[in-house]
Amino acid sequence: MVSTSETVDTTGIPLEQFTTHHTHQVDHDDHSTLYVLQDESGGPDQEAAAKKIYHCGIDGCVKQFSTSYRLKAHGRSHTGDTFRCEEGGCEKAFITQSDLTKHVRTHSGEKPYRCDHDGCGKVYTTAHHLKVCYLSHGHCTM
């Protein structure tokens, strides 16, 4: 886990941040499990966005987020208004449509992201993994 003690809002309060490359499970009273995939965008505005905090308004929940999008997605973990996998036998649910789309690729085997570096041609299920491949070839961007 990456330390986030350096990331604070304008009042000096440390932000609780998700790290990339991790998935966590949220267990609910009805014994369903919600799978939360982490945001891997890491865009240039991520640091600037971290200065604003969005607090979860549910009593007893102390979660904080740096974007309203992540707060809205988190809210679905409280309401159960999630995106559910429709694959037979799969009972996974996600708080964003994009997380569900990535998950469905585990069933379909779809790998829409192809490295066009000479001699590589590897294919990936996510743009993030393709970006890692590009970086391994010494490219700055895709």
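Residues numbered from 1 in each chain as written. Predicted model: local features only at pLDDT ≥ 70, side-chain atom pairs only at ≥ 80, totals over all residues. Heavy atoms only, no water.

1. Comments concerning the overall build of the protein
Within the protein, the secondary structure is distributed over four helices and eight strands. Element order for the protein, N to C, with α for helix and β for strand: β-β-α-β-β-α-β-β-α-β-β-α. Across the 142 residues in the protein, those meeting the buried criterion constitute 27%. A separation of at least 24 residues holds for 23% of the contacts in the protein among residues at least 6 apart in sequence. Surface summary for the protein: the accessible area is close to 9600 Å², and the carbon and sulfur share equals 51%. (Helix = DSSP H or I, 4+ residues; strand = E, 2+ residues; numbered from the N terminus. Buried < 20%, exposed > 50% of the residue type's maximum accessible area, 1.4 Å probe, protein only. Contact = heavy atoms within 4.5 Å. Areas by Shrake-Rupley, 256 points an atom, 1.4 Å probe, with all protein chains shown as cover.)

2. Section: the nonpolar core
With five residues, the main nonpolar core is built from Cys115, Tyr124, Leu130, Cys133 and Tyr134. Here this core takes three residues from helix 4 (residues 127-136), the largest share from any one element. Setting aside residues no more than four positions away along its own chain, Cys115 makes contact with Cys120, Gly121, Lys122, Leu130, Cys133, Tyr134 and His137. (Core = buried A, V, L, I, M, F, W, Y, C linked by side-chain atoms within 4.5 Å.)

3. Some words on the UniProt feature "domain: C2H2-type" (unreviewed entry) in the protein
Under the present numbering, the feature "domain: C2H2-type" (unreviewed entry) in UniProt falls on residues 54-83 and 83-112. Along residues 54-83 the backbone is 40% helical and 17% strand, and the end-to-end C-alpha distance reaches 22 Å. As annotated, residues 83-112 comprises 40% helix and 13% strand, and the C-alpha atoms at either end are separated by 21 Å. (UniProt positions renumbered as here; feature names shortened; annotations may be inferred.)

4. Re the state of the cysteines
Tallied over the full model, the rule gives zero disulfides. Cys90 forms no disulfide, and the closest cysteine sulfur to it belongs to Cys85, at a distance of 3.7 Å. Look at Cys90 and you get buried, because its relative accessible area is 16%. As a non-bridged cysteine, Cys133 has Cys120 as the owner of its nearest cysteine sulfur, 3.7 Å distant. Taking relative accessible area as the criterion, Cys133 reaches 6% and is therefore assigned buried. (Disulfide = S-S within 2.5 Å.)

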